[in-house]
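Residue strings, one per chain:
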Amino acid sequence: MNTFGTKFKFTSFGESHGKAVGCIIDGMPAGIKFDEEFLQKELDKRKPGKNKFSTPRKEEDKAQILSGVFEGYTTGTPIAIVVFNENQHSKDYENIKDLFRPGHADYTYFHKYGIRDYRGGGRSSARESVARVAAGAVANMLLREFDIHVMSGIYGVGKIESTLDSHQYDFDYALNSEIYTLDKELEQVFKEEILKAKKAKDSVGARVFTRIKNPFKNLGEPIYDKLDSKLAHAIIGINAVKAIEFGEGCKSSYMFGSQNNDFIKDDKFLSNHNGGILGGISNGNFIEFRTFFKPTPSIFLPQQTQTIWGKNTICKLQGRHDPCVGIRGSVIVNAMASIVMADALLVNTSSNINNLKKAYK
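Residues numbered from 1 in each chain as written. Predicted model: local features only at pLDDT ≥ 70, side-chain atom pairs only at ≥ 80, totals over all residues. Heavy atoms only, no water.

1. Describing helix α1 (residues 36-46)
Threshold: Partly exposed describes any residue whose relative accessible area lies between the buried limit of under 20% and the exposed limit of over 50%, with all areas from a 1.4 Å probe on protein chains only and scaled to the type maximum. Runs of E in the DSSP output that reach at least two residues are strands. Runs of H or I that reach at least four are helices, and both are numbered from the N terminus. Any two residues having at least one pair of non-hydrogen atoms within 4.5 Å are treated as being in contact.
Inspection of α1 places F38, L39, Q40, E42, L43 and R46 among the buried residues, and these make up the whole buried set. On its buried side, α1 packs onto β4 (64-67), β7 (79-84), α3 (129-143) and α8 (325-347).

2. Side note on the pattern of salt bridges
Under the convention used in this document: Should a side-chain nitrogen of Lys or Arg be within 4 Å of a carboxyl oxygen of Asp or Glu, the pair is scored as a salt bridge.
A complete count under the given rule lists 16 salt bridges for this structure. Its salt-bridge partner being K45, residue E42 comes within 2.8 Å of it at the nearest N-O pair. Remark: K45 and E42 occur in helix α1; sequence separation between them is three residues, near one turn of the helix. When its relative accessible area of 10% is taken as the criterion, E42 is described as buried. A salt bridge links D106 to R101, with the shortest nitrogen-to-oxygen separation between them at 2.7 Å. Salt bridges sharing common partners tie together R46, D61 and R127.

3. Observations concerning the sheet that holds β4
Rules: Should DSSP find at least two bridges between two strands, the strands are taken to pair. Lines fitted to C-alpha atoms define the axes, with helix axes restricted to the stretch in contact, and inter-axis angles between N-to-C directions lie between 0 and 180 degrees.
With antiparallel pairing, five strands are arranged side by side in an open sheet as β1-β2-β3-β7-β4. Edge strands, defined here as strands with exactly one partner in the open sheet, are β1 (3-4) and β4. Across three bridges, β4 lies against β7 in antiparallel orientation. Bridged to I65 within β7 is I81. Along the sheet face, α3 touches β2 (9-14), β3 (20-26) and β7 and points at about 35 degrees away from the line of β3.

4. A word on the UniProt feature "binding site: FMN" (unreviewed entry) in the protein chain
For clarity, the threshold we go by: UniProt positions are given in the numbering used here, feature names are shortened, and annotations may be inferred rather than shown by experiment.
When the UniProt feature table is mapped onto this chain numbering, "binding site: FMN" (unreviewed entry) sits at R123, S124, S125, N239, A240, G279, K294, P295, T296, P297, S298 and R320. Considering the C-alpha atoms alone, the annotated residues occupy 198 residues of sequence and remain spread out, their largest mutual distance being 43.8 Å. Mapped onto the secondary structure, T296 falls in the loop between β16 (287-293) and β17 (303-306). The contact partners of T296, leaving out residues within four places of it in the chain, are S203, V204, D322, P323, C324 and V325. In contact with P297, not counting residues within four places along its chain, are P102, G103, H104 and Q303.

5. Details of the packing of aromatic side chains
In plain terms, the rule: Each pair of aromatic rings taken from Phe, Tyr and Trp, with Trp reduced to its six-membered ring, is defined by centres within 6.5 Å and is described as stacked if the planes are under 30 degrees apart, edge-to-face if over 60, and tilted in the remaining cases. For a ring to carry a charge above it, either NZ of a lysine or CZ of an arginine must fall within 6 Å of the ring centroid while also lying within 35 degrees of the normal to the ring plane.
In total, this model carries eight aromatic pairs according to the counting rule given. For the pair F100 and Y107, a centre-to-centre distance of 5.2 Å together with 75 degrees between the ring planes defines the contact as edge-to-face. Pairing Y109 with Y113 gives two aromatic rings, centres 5.6 Å apart and planes at 55 degrees, and the pair type is tilted. Note that Y109 and Y113 are positioned in helix α2 (residues 106-113) at a spacing of four residues, about one turn of the helix. Site record: aromatic cluster; members linked through ring pairs are Y155, Y169, F171 and F209. In this structure, R144 packs its charged tip against the face of F38, placed 4.5 Å from the ring centre. Between R290 and the ring centre of Y155, over which it is positioned, the NZ or CZ distance is 5.8 Å.

6. A few points about unusual backbone geometry
Across the chain, the bulk of peptide bonds are trans and the bulk of non-glycine residues have phi less than zero. Here the residue pair P222 and I223 is connected by a cis peptide bond, since its omega of 10 degrees sits within 30 degrees of zero. Following the sequence through the fold, I223 ends up in the loop between β10 (206-213) and α6 (227-236). Even without a glycine there, the phi angle at A240 is positive, about 75 degrees. Along the chain, A240 falls in the loop between α6 and β11 (241-246).

Here it is as structure tokens:
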């Protein structure tokens, strides 16, 4: 599906090598200051061609607002945002138009739809994530009204991982880091690992840590729309994401209940092993989770594959690709988490009669 969300929802459109990508956002309340400068800065974080740690594809990714904003404020009607593609090199893919790139969605998309859009993956390309970041920026404009902040950064690249406790991660440093690292002592080491993979015509995976500050202690809709379920739905839907874990995550399966339970005193939790969510509802603690990105499937080494007619062959890629997709992926994680939180905020307004009475005074 191309639409995500319940009350705050967006629909994305466009392909990697089409004319444009963009989104239509529905459900944004009227009267919120629309920060176009912030929107562009968020898109700039994700845009390609900024440095040697991302694809050389050059795109300005300038957002054009088509509707839903009047005199600097949201109108309560659909917000349409479009970003025109400017630097497609479709010819780079002509030599592989009839074969499947290993690790990509070429094989599954072809067998599902019967169409082979070989131009950079078409709709399955991470180029579509421009729309997610745009929608995430708009969601943040709503969250800021309630002092809710979503922050993400890189804590691991390949086999190298920060040994800092999560409370020591430096999100301010990550904002100014070329690769959004949360551990300044590992910035150069991470960079060297990425460039080593790039020089070898290969790629490398990465891990992202996300913290959501000041969430209300009542967000999330059990049983099937739990807050962690919605976050997982959003994050797993990002290109190249293979796993997500909240709080202690997989480690909790090795623990005793006495170790994993978050004890309570004076209406405060004394730990955060569960990542700020209990029973699918936020408990007021920081919401914390980790996202795991696989290595970019586009590599420049010969790979065994087959053609659309079933003939065995070798794939030799050309073109421009990220040596570590998780770097720019961290920006997309932040955006999707923001969308989920904005949606949860709006859905919760009708969770009980007191909330409704407050809305109607």
